[in-house]
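# Structural features, examined
Residues per chain, in single letters:
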Amino acid sequence: MPMRVISRKSIAVYVALVIPMLCVLIPVYWLSVTSVKPNYTIMTRPPELLPRAISLEHYSNLILGKDRIFFTYFRNGVIVSLGTVIVNIVLGTAAGYVLSRFRFRGRLPLMITFLGFQMFPLVLLLIPIYISFNKVGLLNSYTGLIIVHSGLALPFSIWLLKKFIDKIPIELEHAGALDGCSTFDVLWRIVMPLTTPGVLAASIFAFLLSWNEYIFALTLTSDETARTLSPGFTVMYVSLMSERFGDIMTAGLVASLPVLIIYLCLQRYVLTGLTVGGLK
Amino acid sequence: MRPSTGWSRRARRNFTLAIFLLGPSACLIASVFIWPLVNAIVLSFTDQTLLDLDRANWVGWQNYRRLLEDPAFWRVLGNTFAFALIVAVAQLIFGLTLAMLLHQPIYGKALFRGVVLLAWILPVVVLAFLWEWLFSAEFGLVNGGLERAGIITDYLPWLAHPVLSPIAVLVVFIWRSIPFMMVMCLARLETIPHEIIEAAKIDGAGGAARFRSIILPWLRPVLGLSTLVTIFWVFENYVIIRTMTGGGPADRTKTLSVLVYHVAFETFNLGQAAAMGTVWFLTLAAFAVIYFYIVCRTDDDAY
């Protein structure tokens, strides 16, 4: 890595880089600042950049007041997302192992399969799934949503985990077999510990997919038994846009918290997942 | 070892293991992707409605014929394609530029990347409401900022205007997808061996020549893949459009997913919706084939 310099050219680069940073920071700032402004300062023209008064009324609305159902949706979202993560890790590592170790003719068919699934219109898949879930009673259930979300996340998880397992030299497994490990032992004691970064990255992506997932969660639930946060958010606020911006932004901020915390603590794995999963 | 006529015990055991490990995943993927797709295609030939789930009659090509006669469907399809291409091009230009800028020897790369990636991390629902608020006709920050900067004299009704609402929606899509492209490009750029660049510099190749002959071809797989994924995403996304404009003034911002969802779950015409979805799928499949043919012509060894 060449020595970092501060030259005329790099000053221009720094200045150029400030613009995208602002483009991202300003909306995020607006989200946060609106949540602590009292209502009468939100509906002003021109909008106030720096709040002249701070109020926690929106937070108290959310936690104690009429919007308490938010936390039911939050809890449902956590359950469904964690369920999705578990299923993805277990199934994904197993499948990734097979695809990695058992020789397949070329990567291209695999890539095409993976890309192919991204192409399927989700709304189209939703229709028969809704009909059959209705018949077997899986609507409004955690199980139903976990099944769907896991299925949606699985292609990417398998793809990602396969790439990570590819990096583990097969000699380690041979050594293990020589030492008397059964194939299961090899998988459990040798491969799995070494794929921890891959497992973490895949978990994060599965969690993100499930937390963000909207259209299945919206349609497959009709009440708050299992409805997750993404559709719940809309159900709560869609008709109230003109009056309750403060409440909505506050809810939005809280809804983003799990994702933001994961991002702050595990950013490295997010990046690893994106780059390993996206490159050859 | 004596050759046997069938599989050796080891191979048979491995095969059993493979089935055991791969089986559950295959089942789950088949039940969420393959079976519903086949089922939906079959549905498109019926008059299935949401109101009476047990009764469905075979109607042959009727739904498809109705589609052919419906100009609204083709307008929405074209609209969605236009949106997807605009987002893809913008994502490509800005994402690549940012990645190239970040690829310099400067400080604060991780900070910059960390901040910009926030746009990709925030839940889409939250973004939909946030940007609806930002584009608000009465109190929005976009209007406020533009007026302060002297670009406009009066607040604009962004989300209700036939020309401005597509722009607003596209801004959100582009805002979210640039960080993704930037991260992918940057990661790929960092794998270019220094020796190649040094050799090119010694041979007298200027920045533009180096970009054209070394960097761009090296980036091709990543650019191709990320662009395709983004195009699929624009087709797929429902929340942003539905929350911000609901399809826009006179369907100006209606994308295919909003339309199909509406037909399926708001007019309850599942058969017709399935037909639309199937056409959507086939169109994207054809597009992907052409796309692959163009982008991956000579790059088989890059994979």
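Here, the structure is the one placed above.
Just so we're clear, the structure is a prediction, and the values are computed from it rather than from any experiment. (Residues numbered from 1 in each chain as written. Chains lettered and ligands numbered in written order. Predicted model: local features only at pLDDT ≥ 70, side-chain atom pairs only at ≥ 80, totals over all residues. Heavy atoms only, no water.)

Attention now moves to the interface of chain A and chain B. Contacts between the two partners involve 101 residues from chain A, matched on the other side by 95 residues from chain B. Taking both sides of the interface into account, the surface hidden between chain A and chain B amounts to around 8900 Å²; carbon and sulfur atoms contribute 82%. Among the residues of chain A in contact with chain B, R45, M119 and L124 of chain A are the three that bury the most area, contributing 7% of the side total. In this assembly, chain A and chain B are joined by one salt bridge. Taking the shortest distance from any N to any O, the salt bridge between D154 of chain B and R45 of chain A comes out at 2.8 Å. Where chain A packs against chain B, one counts eight residue pairs in polar contact (both at pLDDT 80 or more). At 17 residues, the largest contribution of residues to the side of chain A that touches chain B is made by helix α1 (residues 8–35) of chain A. (Contact = heavy atoms within 4.5 Å. Buried area = accessible area lost by both parts, 1.4 Å probe. Salt bridge = Lys/Arg side-chain N within 4 Å of Asp/Glu carboxyl O. Polar contact = N/O pair within 3.5 Å; in protein donor to acceptor, adjacent residues only side chain to side chain. Helix = DSSP H or I, 4+ residues; strand = E, 2+ residues; numbered from the N terminus.)

Formed by 188 residues in total, the largest nonpolar core has its most connected members in F70, F216, L220 and F233 of chain A together with F235 and L256 of chain B. Of the residues forming this core, the biggest block, 17 residues, is contributed by helix α8 (residues 164–189) of chain B. The next biggest cluster of nonpolar side chains, apart from the first, holds ten residues, and it includes Y97, I165 and V186 of chain A together with L21 of chain B. (Core = buried A, V, L, I, M, F, W, Y, C linked by side-chain atoms within 4.5 Å. Buried < 20%, exposed > 50% of the residue type's maximum accessible area, 1.4 Å probe, protein only.)

All names here are of chain B. With respect to the helices and strands, the residue N79 is situated in helix α3 (residues 71–102). For the pair N79 and R252, spaced 173 residues apart in the sequence, the C-alpha separation amounts to 7.8 Å. Those residues within four positions of N79 in sequence are excluded, and the remaining contacts are D251, R252, T253 and K254.

In this structure the tally under the stated criterion is 34 aromatic pairs over all chains. A ring pair is formed by W120 of chain B and F180 of chain B, whose centres lie 6.0 Å apart and whose planes are at 15°; its orientation type is stacked. Of this pair, W120 of chain B sits in helix α5 (residues 118–121) while F180 of chain B is found in helix α8, placing the two residues 60 residues apart along the sequence. Across the pair, F180 of chain B and W120 of chain B agree in class, each one buried. Ring plane angle 40° and centroid distance 6.2 Å describe the contact between F235 of chain B and W280 of chain B, whose orientation is recorded as tilted. Residue F235 of chain B is found in helix α10 (residues 207–236), and its partner W280 of chain B is found in helix α13 (residues 270–295); the two are separated by 45 residues along the sequence. Classification of F235 of chain B by relative accessible area gives buried; the value is 1%. Ring pairs connect the aromatic residues F114, F156, W159 and F205 of chain A together with W120 and F180 of chain B, which therefore count as one cluster. (Phe/Tyr/Trp six-rings, centres within 6.5 Å; stacked < 30°, edge-to-face > 60°.)

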